[in-house]
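Below, each chain spelled out in residue letters.
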Amino acid sequence: DAGITQSPRHKVTETGTPVTLRCHQTENHRYMYWYRQDPGHGLRLIHYSYGVKDTDKGEVSDGYSVSRSKTEDFLLTLESATSSQTSVYFCATRFEGADTQYFGPGTRLTVL
Amino acid sequence: QKEVEQDPGPLSVPEGAIVSLNCTYSNSAFQYFMWYRQYSRKGPELLMYTYSSGNKEDGRFTAQVDKSSKYISLFIRDSQPSDSATYLCAMRGNDYKLSFGAGTTVTVRA
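How each quantity is defined
Residues numbered from 1 in each chain as written. Chains lettered and ligands numbered in written order. Predicted model: local features only at pLDDT ≥ 70, side-chain atom pairs only at ≥ 80, totals over all residues. Heavy atoms only, no water. Contact = heavy atoms within 4.5 Å. Buried area = accessible area lost by both parts, 1.4 Å probe. Salt bridge = Lys/Arg side-chain N within 4 Å of Asp/Glu carboxyl O. Pairing = 2+ DSSP bridges. Helix = DSSP H or I, 4+ residues; strand = E, 2+ residues; numbered from the N terminus. Axes fitted to C-alpha atoms, helices over the stretch in contact; angles between N-to-C directions. Buried < 20%, exposed > 50% of the residue type's maximum accessible area, 1.4 Å probe, protein only. Core = buried A, V, L, I, M, F, W, Y, C linked by side-chain atoms within 4.5 Å.

S.K.: What is the right way to look at the interface of chain B and chain A in this model?
M.R.: By a widely used convention, the size of an interface equals the accessible area lost when the partners come together. Contact residues are listed per partner, giving 19 residues for chain B and 22 residues for chain A. In total, about 1,600 Å² of surface goes out of reach between chain B and chain A, with carbon and sulfur atoms giving 51% of it. Looking only at chain B, the three residues that lose the most surface to chain A are R41(B), Y96(B) and F100(B), adding up to 33% of its buried area. On the surface where chain B and chain A come into contact, there are one salt bridge.

S.K.: Explain the sheet that holds strand β8 (residues 73–78) of chain A here, please?
M.R.: The strands that make up a sheet are held in pairs by hydrogen bonds between backbone atoms, and each pair lies either parallel or antiparallel. Residue and element names in this part refer to chain A. Ordered in space as β1-β3-β8-β7, the four strands form an open sheet in which the pairing is antiparallel. The strands lining the two open edges of the sheet, one partner per strand, are β1 (4–7) and β7 (64–70). Ignoring strand direction, the axes of neighbouring strands in this sheet form an average angle of 20°.

S.K.: Even after reading the chapter, I still don't get the pattern of salt bridges, so can you show me in this structure?
M.R.: Residues and elements named next belong to chain A. Summed over all chains, the structure comprises nine salt bridges over all chains. Close ionic contact of R44 with D38 constitutes a salt bridge, the shortest N to O distance being 2.9 Å. By the burial criterion, R44 is buried, and D38 matches it. Shared partners join several salt bridges into a network, and the residues in it are R22, K70 and D73.

S.K.: Is there a simple way to think about the sheet that holds strand β6 (residues 54–58) of chain B in this case?
M.R.: Residues and elements named next belong to chain B. With antiparallel pairing, the five strands of this open sheet are ordered in space as β1-β3-β8-β7-β6. Two strands lie at the open edges of the sheet, namely β1 (4–6) and β6, each paired on one side alone. Taking each pair of neighbouring strands and ignoring which way they run, the sheet shows an average axis angle of 15°. Both β6 and strand β7 (residues 61–66) contribute to a ladder of five bridges, which runs antiparallel. Each residue of the ladder has a partner; that of G54, found in β7, is V65.

S.K.: What exactly am I supposed to notice about the nonpolar core here?
M.R.: Inside soluble globular proteins, nonpolar side chains tend to come together where they are buried. Among the nonpolar cores identified, the biggest contains 23 residues, and W35(B), I72(B), L74(B), Y87(B) and M91(B) are the most heavily contacted of them. When contributions to this core are tallied by element, the ones reaching two or more residues are β3 (19–25), β4 (32–38), β5 (45–51), β7, β8 (71–76), β9 (85–92) and β11 (104–109) of chain B. Among residues more than four places away in sequence, those in contact with I72(B) are L21(B), N22(B), C23(B), Y25(B), F33(B), W35(B), Q64(B), V65(B), C89(B) and M91(B). Counting residues in each nonpolar core, the second largest holds 18 residues, with I4(A), C23(A), L78(A) and V111(A) among its members.

S.K.: Would you explain the environment of N55(B) in this entry?
M.R.: Residues and elements named next belong to chain B. Its place among the elements puts N55 in strand β6. Residues N55 and E3, 52 residues apart in the sequence, show an inter-C-alpha distance of 22 Å. Not counting residues up to four positions away in its chain, the partners in contact with N55 are A63 and Q64.

Have a look at this one:
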């Protein structure tokens, strides 16, 4: 997994509560990504970062925010979780100039 | 309509068979094409990478890209039970943002 960890690995929460997922990398990759994976949709980009404090939206960013205060950490926050955000969330990293994205093990989130 | 279409399967084949997977896409700006393999409860990992049209072979795996038809394929020869996984196609233009297919789940029966 190229030194990528995600925490927590599993979480069950209730509608309306805030949730923060953490991605930590040890590879010093500049680019980091958050995806969600749902049946029939594959992986969809939520947000990405191209450096410390530099982030941008992906195709399904509504209801999500991100922060990156250190190269190694990329946080995904659901401000007020909804049942439609039940999904498996993957973090990925990429070395600048390379195409390969390395994925973490995923976080399985259930919003009741 | 999705930018990338991939038949989700599932696909079940006997050991030793050839597995054929494919994706179609609509964005003519896509130039870089990838196949990721994802084992159950794991993150995806890059399997094959191809630039523009043509074929690329790596061991038992062959990736083909036909840009004129907007069609890419992955072939697995002499399939093994260890090839049982979900295979996702992915592609991008010049902006490094990947568009993924929905994934095809493959089971190779011993």
